[in-house]
Amino acid sequence: MRTSIFSAVTAAGLAFSGFSQAAGIDEWKGRSVYQVMIDRFARTDGSTSAACEMSLFCGGSWKGLMNKLDYIQDMGFTAVQISPIVKNIDDHTAVGDAYHGYWSVDNYKLNDKFGTEQEFKDLVAEMHKRDLFLMVDVVVNNMVQKFDNVVPPKVDYSKFNPFNDKKYFHPYCNVTDWEDPKNYQNCWLYPYGVVLADLDTDSPAVADELGSWVNGLVSNYLIDGIRIDAAKHVNDDFLPGFVKSSGVFAWGEVLTGVTKDMCRYQTLGLLPGMPNYLEYYPLNEAFNGGSFEKLDKAKSDARSGCNDTFALGSFLENHDMPRFANSNDDMALAQNAMTYILLNDGIPTVYQGQEQHFKGNGTPFNREPLWQSNYDQQAPLYVLTSTLNKVRNNAIKLDTSYLESKAETLRADTNHFCMKKGPYGSQVVFCITNKSSKGDKYQLPMKGFQPSEEVVEVLTCKSSAADGTGTITMYMDKGAPKVYVPTAALKGTGICEKTSEDGPDSAAASLGAARGLAALIAVGCAALLI
Ligand SMILES: *[C@@H]1O[C@H](CO)[C@@H](O)[C@H](O)[C@H]1NC(C)=O
Ligand SMILES: *[C@@H]1O[C@H](CO)[C@@H](O)[C@H](O)[C@H]1NC(C)=O
Ligand SMILES: *[C@@H]1O[C@H](CO)[C@@H](O)[C@H](O)[C@H]1NC(C)=O
């Protein structure tokens, strides 16, 4: 039904429909990723009832996800990242059950808690039919067993497949020094509740086996990309070969806010991409008493330190961090923060529940079942995400150079961060603010347009025109973000088909306009995606 939004502009456009073929870095840069935790996204029968225990299984499945792909696609996403898919331990432990999929015990069996092999294949086929890329999380740092609290841990290696012998693992030591790579790469993470028996990825036998495993996994199931869990905790030399064996784009989890520690993975050619933790921290700070100057600095540092910031995942939430709204649940702040990650350089990545303004704290409370929201497609952040993904998809379609044009800072001060991204004609000019919904009413001039260019603010569908110097007036109110696109660029997209004139007193009408847009989007984004 839906055809590729990129097929018109990409020579290899056909590769996007039907079967995926080894999606590489360039294909991924044009995508927007929705992160799903399978156990918490949707149940097979679609039931939304019953509270579930946050550290136990809640019943989500691959089939449940397949049945709810409209929810993701109507939000404008073009890729889905899912929990690991291989068999995990069945034990109940002091830190709960393996509902998240990270406690591998058998790499060659699929996780029957999430469904059958046929159901998984059906999910992938349905995703590809819809031109959605699939990214699968993979665990290579360790195999897992229940921990009986005796040190050194007693591990029954014969239970692991294929690493069924002690010789495939580093000798036991507990990670104690988070600054010393030798320590945090060779020792065992978190011996509590479970032991994460640390694979000796330095050894050719282990590295070769993991390479051949991932190669088979990707080709058997037509996976388009992988996320490498705990990439920072395996030895450097292992990574390039593993990524190459996968044959697809890879993100590696490198949890650090230090530019040189993260960027070295790109400059040394160890990983093509990583979730962008360099901006994650200052972005959060800016909305929690900090300022945007630090974020602007982090951004330029990342550009000079890393080889390719367009391959970084731009994110605000994931399954490991407290939700954004956990520290401040003001809706305007969340709208601003999400505007930033959806329009920033890099590949936008939204973690399920973020669009529903979930508020959970650290693990496992940040893993709320999505069905608690009744999959509300009118929720303010759902509507915002939908609009902005479509704005971005449209800008890419108009001019693929949008993707690798650096977002240019127009203003970075204590309360505002404004940027222009993309060449004239398909540029997006946006301003975020940390004033919150209690923010005052004021006017702010903003450059970034051609003289007399007609523009639309897409979150309120207000139209205006730039003056002779290419400057527009932004009517700021209640801390709302502002996103402007040339009127000409919106033709035929379904975005803001009806507009009204912008002005100092037009803010009150904005909610109505946003609702109208929501209704339009709920129709299934048909206009844009067909
Ligand atoms: C492992 O080290 C951490 C400190 O990094 C410590 O809190 C924990 O108790 C240690 N666990 C064991 C089993 O030695
Ligand atoms: C990254 O950029 C640096 C500096 O331009 C270059 O020396 C290095 O080869 C690049 N690395 C990769 C993997 O492209
Ligand atoms: C916004 O930034 C200013 C300046 O750094 C700061 O004083 C204020 O607390 C921030 N607002 C929020 C909601 O964090």
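Residues numbered from 1 in each chain as written. Chains lettered and ligands numbered in written order. Predicted model: local features only at pLDDT ≥ 70, side-chain atom pairs only at ≥ 80, totals over all residues. Heavy atoms only, no water.

Caption draft 1: Representation of the pattern of salt bridges. Enumeration over the complete set of coordinates arrives at 27 salt bridges. Of the charged contacts, one joins K260 and D261 as a salt bridge, the two residues approaching to 3.4 Å between their closest N and O atoms. For K260, a relative accessible area of 62% gives the class exposed. For D440, the salt bridge goes to K435, with nearest N and O atoms at 3.0 Å. (Salt bridge = Lys/Arg side-chain N within 4 Å of Asp/Glu carboxyl O. Buried < 20%, exposed > 50% of the residue type's maximum accessible area, 1.4 Å probe, protein only.)

Caption draft 2: Structural context of the pairing of strand β8 (residues 225–229). Counting buried positions along β8 gives five out of five residues, so the element sits mostly inside the fold. Both faces of β8 are covered, namely the face carrying G225, R227 and D229 and the face carrying I226 and I228. Alignment of strand β5 (residues 133–139) against β8, held across five bridges, turns out to be parallel. Residue pairing for β8: V138 is matched across the bridge by I228. Here four bridges tie β8 to strand β9 (residues 249–252), and the two strands are oriented parallel to one another. Bridge pairing in β9 places I228 opposite G252. Taking the sense of rotation as the criterion, the β-α-β connection linking β8, helix α8 (residues 238–246) and β9 turns out right-handed. (Helix = DSSP H or I, 4+ residues; strand = E, 2+ residues; numbered from the N terminus. Pairing = 2+ DSSP bridges. Right-handed = clockwise from strand over helix to strand, strands pointing away.)

Caption draft 3: Main features of the UniProt feature "domain: Glycosyl hydrolase family 13 catalytic" (unreviewed entry) in the protein. Cross-referencing UniProt, the feature "domain: Glycosyl hydrolase family 13 catalytic" (unreviewed entry) maps to residues 35–392 in the present numbering. End C-alpha to end C-alpha, residues 35–392 measures 18 Å, and it is 34% helix and 14% strand. (UniProt positions renumbered as here; feature names shortened; annotations may be inferred.)

Caption draft 4: Spatial organisation of the nonpolar core. Residues I82 and I228 are the most contacted members of the largest nonpolar core, which totals 136 residues. Both domains that furnish three or more residues to this core are identified here as domain 1 (31–143 + 202–404) and domain 2 (408–515). In contact with I228, other than residues within four places in its own chain, are V138, V140, L239, F242, V243, A250, W251, G252, E253 and L271. The next biggest cluster of nonpolar side chains, apart from the first, holds 14 residues, and it includes F449, V455, A466 and I472. (Core = buried A, V, L, I, M, F, W, Y, C linked by side-chain atoms within 4.5 Å. Domains from an automatic or database assignment. Contact = heavy atoms within 4.5 Å.)

Caption draft 5: Inspection of helix α12 (residues 331–343) at higher detail. Along its 13 residues, α12 runs 18 Å from first to last C-alpha, staying within 8% of the 18 Å computed at 1.5 Å per residue. Listing the buried residues of α12 in full gives A332, L333, A334, Q335, N336, A337, M338, T339, Y340, I341, L342 and L343. Two or three places before A332, at the opening of α12, D330 has a side-chain oxygen 3.0 Å from that residue's backbone nitrogen. (Expected span 1.5 Å × (residues − 1). Polar contact = N/O pair within 3.5 Å; in protein donor to acceptor, adjacent residues only side chain to side chain.)

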